[in-house]
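Spelled out from the first residue to the last, the chains are:
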Amino acid sequence: VPQYLFYMMVEMLKNSARATVEVAKGDPAEIKRRPIIITVGADPSQVAIRVHDVAGGIPFSVADRVWSYMYSTVPDSKSGSDFSQQGTPLA
């Protein structure tokens, strides 16, 4: 489970960072006004992780597809952007 959780968190944070930069149009001051907040809560039997950003979210019309491995909200023209070409996780 830890490796799957790590993979999912890296992908979620990459998505959040990419969307934040896109919405802020790369403006450093605007990016600073849009923090990505990660909240973790746990008890002896479960863990909850929340990633919150101010980048607009995922449209409800595609919500049922977001768990598909190959699905992306990134337009085709932007696939292969800086975040996906790094080859190493951001975290």
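Computed from a predicted model, the values in this text were never measured in an experiment. (Residues numbered from 1 in each chain as written. Predicted model: local features only at pLDDT ≥ 70, side-chain atom pairs only at ≥ 80, totals over all residues. Heavy atoms only, no water.)

Colleague: Can you break down the side chain of Arg 34 residue by residue, with the values?
Modeller: Locating Arg 34 in the fold gives a position in the loop between helix H2 (28-32) and strand S1 (37-43). Side-chain polar atoms of Arg 34 contact the side chain of Glu 30, separated by 2.9 Å. Within the local environment of Arg 34, its side chain forms a polar contact with the backbone oxygen of Val 54, the two atoms lying 2.3 Å apart. Beyond its immediate sequence surroundings of up to four residues, Arg 34 is in contact with Thr 20, Val 23, Ala 24, Val 54 and Ala 55. (Helix = DSSP H or I, 4+ residues; strand = E, 2+ residues; numbered from the N terminus. Polar contact = N/O pair within 3.5 Å; in protein donor to acceptor, adjacent residues only side chain to side chain. Contact = heavy atoms within 4.5 Å.)

Colleague: I'd like a rundown of the pairing of strand S2 (residues 46-52), residues and numbers included.
Modeller: Inspection of the sheet shows S1 paired to S2 by seven bridges, in the antiparallel sense. Across the sheet, Ile 38 pairs through a bridge with Val 51, a residue of S2. Taking the residues that link successive antiparallel strands as the turn, the S1-S2 hairpin has two residues. (Pairing = 2+ DSSP bridges.)

Colleague: With reference to specific residues and values, describe helix H1 (residues 2-23).
Modeller: Here H1 contains 22 residues, and its C-alpha end-to-end distance of 31 Å stays within 8% of the 32 Å for a straight helix at 1.5 Å per residue. Among the residues of H1, Met 9, Val 10, Lys 14, Ser 16, Ala 17, Arg 18, Ala 19 and Thr 20 are the ones counted as buried. Lys 25 sits one or two positions beyond H1 and adopts a positive phi of about 55 degrees. (Expected span 1.5 Å × (residues − 1). Buried < 20%, exposed > 50% of the residue type's maximum accessible area, 1.4 Å probe, protein only.)

Colleague: Quick one: what's the story with unusual backbone geometry, residue by residue and with numbers?
Modeller: Positive phi, close to 55 degrees, is recorded for Lys 25, a residue that is not glycine. Turning to its location among the elements, Lys 25 is positioned in the loop between H1 and H2. Look at Lys 25 and you get exposed, because its relative accessible area is 75%.

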